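Observations on chain architecture
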Amino acid sequence: MTLCRERLGLNREEVAERAGMAVEYLEYLEYLESSAAVPGSAPLTRLAGVLGTSVADLLGAGTEVPPGRGEAAAQPLVEQLAPAECWAKLASGGIGRVVLSTADGPVALPVNFRVLDGSVVYRTAEGSSVCPEAGAPLAFEADRVDEALSSGWSVLVKGTAVRLDEPAVVEHLVHRGRPDPWVGEGRDVWIRIRTSSVTGRRIRTDGPAAGR
């Protein structure tokens, strides 16, 4: 419920007023949520109505399924992102997907990434599916979906693989600490995507939520 409230740009006072409950009680419910305790259904039903979601989703149902099951906006607006906007979306790093061809066919796999000097960088292991030869063509995609607001964006980077072998560059990346692969250590090959094109688009609504 805390995540739903924050996505909608609402503070506790606003949600409590709309749900007809004391702010202190809402704070208590959010505490129970963080401690995995389950409060009664009546207040959760009111909260779900205020936050535009379901009781099941408030309690974390569906966290193991892909996003995008929410309802589409009534009048979605699709906008093309300029290259500068695309890089701004990727600037904080995170998880994206590397897409490339292998002997077994095309693959698309998630990687932790960061942006360095106007290009995408990620770590992998020698011989892995996302460890291409230098100069190999590949693509990278990252996105963000906000089901509460029926909005989102996606960015696609195309280019060729460059192996970062210079000790000074690798030391700089290690010193900064990211991207750290979620799948553990032993991923000591650093790949930079020499960008040939970057494109993106954003889906938003034209209602009040779009300005939040």
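Please read these numbers as outputs of a predicted model, since none were measured by experiment. (Residues numbered from 1 in each chain as written. Predicted model: local features only at pLDDT ≥ 70, side-chain atom pairs only at ≥ 80, totals over all residues. Heavy atoms only, no water.)

Regarding unusual backbone geometry
Notably, aspartate 117 is not glycine yet its phi reads approximately 50 degrees, a positive angle. Structurally, aspartate 117 can be placed in the loop between strand S3 (105-116) and strand S4 (119-124). (Helix = DSSP H or I, 4+ residues; strand = E, 2+ residues; numbered from the N terminus.)

Quick notes on the nonpolar core
Counting residues in each nonpolar core, the largest one holds 25 residues, and the members touching the most others are Leu90, Phe140 and Val157. Mapped by element, the contributors of at least two residues to this core are helix H6 (83-90), strand S2 (94-102), S3, S4, strand S5 (137-146), strand S6 (151-163) and strand S7 (189-204). The next biggest cluster of nonpolar side chains, apart from the first, holds 9 residues, and it includes Leu8, Ala19, Leu29 and Leu47. (Core = buried A, V, L, I, M, F, W, Y, C linked by side-chain atoms within 4.5 Å. Buried < 20%, exposed > 50% of the residue type's maximum accessible area, 1.4 Å probe, protein only.)

Things to note about the pattern of salt bridges
The full count for this structure, using the stated rule, is 6 salt bridges. Arginine 204 serves as the salt-bridge partner of glutamate 79, at 2.8 Å between the closest nitrogen and oxygen. One end of the pair, glutamate 79, is in strand S1 (residues 77-81); the other, arginine 204, is in strand S7, with 125 residues separating them in the sequence. When the shortest N-O distance is used, the salt bridge between arginine 163 and glutamate 126 registers 3.0 Å. Here arginine 163, found in strand S6, pairs with glutamate 126, found in the loop between S4 and S5; they are 37 residues apart in sequence, far enough to count as distant. Take glutamate 126: its relative accessible area is 57%, and that puts it in the exposed class. Through salt bridges with shared partners, a single ionic network connects Glu79, Glu85, Arg202 and Arg204. (Salt bridge = Lys/Arg side-chain N within 4 Å of Asp/Glu carboxyl O.)

Digging into the environment of arginine 192
Looking at the element boundaries, arginine 192 is found in strand S7. By relative accessible area, arginine 192 is classed as partly exposed at 24%. C-alpha of arginine 192 to C-alpha of tyrosine 122: the two residues are 70 residues apart in sequence and 6.7 Å apart in space. Not counting the four nearest positions on each side in its chain, arginine 192 is found in contact with Ser119, Val120, Val121, Thr160, Ala161, Val162 and Leu164. (Contact = heavy atoms within 4.5 Å.)

A closer look at the environment of valine 107
Here valine 107 shows up in strand S3. Between the C-alpha atom of valine 107 and that of valine 130, which follows or precedes it by 23 residues, the distance is 8.2 Å. Beyond its immediate stretch of four places on either side in the chain, valine 107 contacts Val98, Val99, Leu100, Thr102 and Ser129.

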